[in-house]
Amino acid sequence: METKNIMIVGVGGQGTLLTSRILGGITVRAGYDVKLSEVHGMAQRGGSVVTFVRYGSEVAEPIVEEGCADVLIAFERLEALRYAHFLKKDGVIVVNDWCIEPITVVTGAAAYPENIIEKLKETHQVYVVNAMEEAEKLGNVKAFNVIVLGLAARHMDFDKELWLEVIAETVPPKTVEMNRRAFLRGYE
């Protein structure tokens, strides 16, 4: 199998690392060679976090090069825009329609870009979910990242039941049912 490249981008505290562990777990369970790489940046101060997940018959290195990502999972609009150049021509962006202003915007040194999703749709195949709103409906906003993952899962090579098994094995035991419901909300 040709190597598949997934990028997960967000802001510190949004669950990018948990999401990468779920993706790593599902690729291993499916019998693929997998490499993960996490770039934390200023994650603990609300900075950008990028995780690369590469899987296939044989994967040599963990880093996804620009123009090579099959799927870009973005937990925040600006992060989707910031990393869209990593996507292949026929790649897919799955984005949470949410805004977290970076420190440069908060301090007035920069402006948060307008119409990000519309701009991305001009050149990319984009799927949008307001995962925070959906997570609120489920009763736990912390599950928003698994909602986004559920939508992204529709653009990957694994069946729904395998996703649910790996999620149950990866998340803390007391959160399994919430994360299962969150995944299904995004998937469906």
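Residues numbered from 1 in each chain as written. Predicted model: local features only at pLDDT ≥ 70, side-chain atom pairs only at ≥ 80, totals over all residues. Heavy atoms only, no water.

Visitor: Hey, could you go over the overall build of the protein chain for me, with residue numbers and the actual values?
Guide: If you tally the helices and strands in the protein chain, you get 8 helices and 6 strands. Ordered by position from the N terminus, the helices and strands of the protein chain form the series β-α-β-β-β-α-β-α-α-β-α-α-α-α. Since a compact globule built from 188 residues should have a radius of gyration of about 16 Å, the 16 Å found for the protein chain is in line with a globular shape. Structurally, the protein chain occupies a C-alpha span of about 50 × 40 × 30 Å along its principal axes. Within the protein chain, the proportion of its 188 residues that are buried is 51%. Summarising the internal contacts of the protein chain: among those between residues at least 6 apart in sequence, 62% fall at separations of at least 24. Accessible surface computed for the protein chain: about 9200 Å², of which carbon and sulfur atoms make up 49%. (Helix = DSSP H or I, 4+ residues; strand = E, 2+ residues; numbered from the N terminus. Rg over C-alpha atoms; globule rule 2.2 N^0.38 Å. Buried < 20%, exposed > 50% of the residue type's maximum accessible area, 1.4 Å probe, protein only. Contact = heavy atoms within 4.5 Å. Areas by Shrake-Rupley, 256 points an atom, 1.4 Å probe, with all protein chains shown as cover.)

Visitor: So what's going on with the packing of aromatic side chains? Residues and values would help.
Guide: The relation between two aromatic rings is expressed through the spacing of the ring centres and the mutual angle of the planes. The tally for this structure, following the rule as stated, stands at 9 aromatic pairs. Where Tyr55 meets Phe158, the ring centres are 5.3 Å apart and the plane angle is 45°; that geometry is what we call tilted. Placement of the pair is Tyr55 in strand S3 (residues 48-56) and Phe158 in the loop between helix H6 (144-153) and helix H7 (160-170), with a sequence separation of 103 residues. The exposure class of Phe158 is buried, given its relative accessible area of 7%. Members of the aromatic cluster, connected to one another through ring pairs, are Tyr32, Tyr55, Phe158, Trp163, Phe183 and Tyr187. Directly above the ring of Tyr187 sits Arg154, whose terminal nitrogen or CZ lies 5.0 Å from the centroid. (Phe/Tyr/Trp six-rings, centres within 6.5 Å; stacked < 30°, edge-to-face > 60°. Lys NZ or Arg CZ within 6 Å of the ring centre and 35° of its normal.)

Visitor: Requested: an account of the packing of helix H5 (residues 131-138) against H6, with residues and values cited.
Guide: For the pair H5 and H6, interaxial distance at closest approach is 8 Å and the crossing angle is 115°. You can see that H5 and H6 cross each other, and the crossing is right-handed. Where H5 abuts H6, its residues Ala131, Met132, Glu134, Ala135 and Leu138 lie against Phe144, Ile147 and Val148. Grouping the constituent residues of the contact of H5 with H6 by class yields 7 nonpolar, no polar and 1 charged. (Axes fitted to C-alpha atoms, helices over the stretch in contact; angles between N-to-C directions. Left-handed = near helix turned anticlockwise from the far one by under 90°. Nonpolar A, V, L, I, M, F, W, Y, C, P; charged D, E, K, R; others polar.)

Visitor: I'd like a description of the nonpolar core, backed by residues and values.
Guide: Within the largest apolar cluster, 41 residues are counted, with the highest numbers of intra-cluster contacts made by Leu23, Ile73, Met156, Trp163 and Phe183. No other element matches the 8 residues that H6 contributes to this core. If sequence neighbours within four positions are ignored, Trp163 has contacts with Ile22, Leu23, Ile26, Leu149, Ala153, Met156, Phe158 and Phe183. Counting 22 residues, the second-largest nonpolar core is a separate cluster that includes Val50, Phe86, Val105 and Ile117. (Core = buried A, V, L, I, M, F, W, Y, C linked by side-chain atoms within 4.5 Å.)

Visitor: Provide a residue-level description of helix H8 (residues 176-187), including the pertinent values.
Guide: Between the first and last C-alpha of H8 there are 16 Å, a value that for 12 residues agrees with the 16 Å anticipated at 1.5 Å per step. The elements touched by buried residues of H8 are H5, H6 and H7. (Expected span 1.5 Å × (residues − 1).)

Visitor: Describe in detail the pattern of salt bridges, supporting the description with residues and values.
Guide: On inspection of all chains with the given rule, the structure shows 11 salt bridges. A salt bridge links Glu2 to Lys88; the nearest nitrogen and oxygen atoms lie 3.5 Å apart. Note that Glu2 is positioned in the segment before strand S1 (4-11) and Lys88 in strand S5 (residues 87-96), a separation of 86 residues in sequence. Among the residues examined, Glu2 registers a relative accessible area of 58% and is labelled exposed. Across the salt bridge formed by Arg29 and Glu165, the nearest N and O atoms sit 2.4 Å from each other. (Salt bridge = Lys/Arg side-chain N within 4 Å of Asp/Glu carboxyl O.)

Visitor: So what about the sheet that holds S3? Which residues, and what values?
Guide: The strand order S2-S3-S1-S4-S5-S6 describes an open sheet built from 6 strands, whose pairing is mixed. One side of each edge strand has no neighbouring strand; the edge strands of this open sheet are strand S2 (33-39) and strand S6 (125-129). Within this sheet the neighbouring strands show an average axis-to-axis angle of 15°, counted without direction. Judged from the 5 bridges that link them, S5 and S6 form a sheet pairing that is parallel. Bridge pairing in S6 links Val92 to Gln125. (Pairing = 2+ DSSP bridges.)

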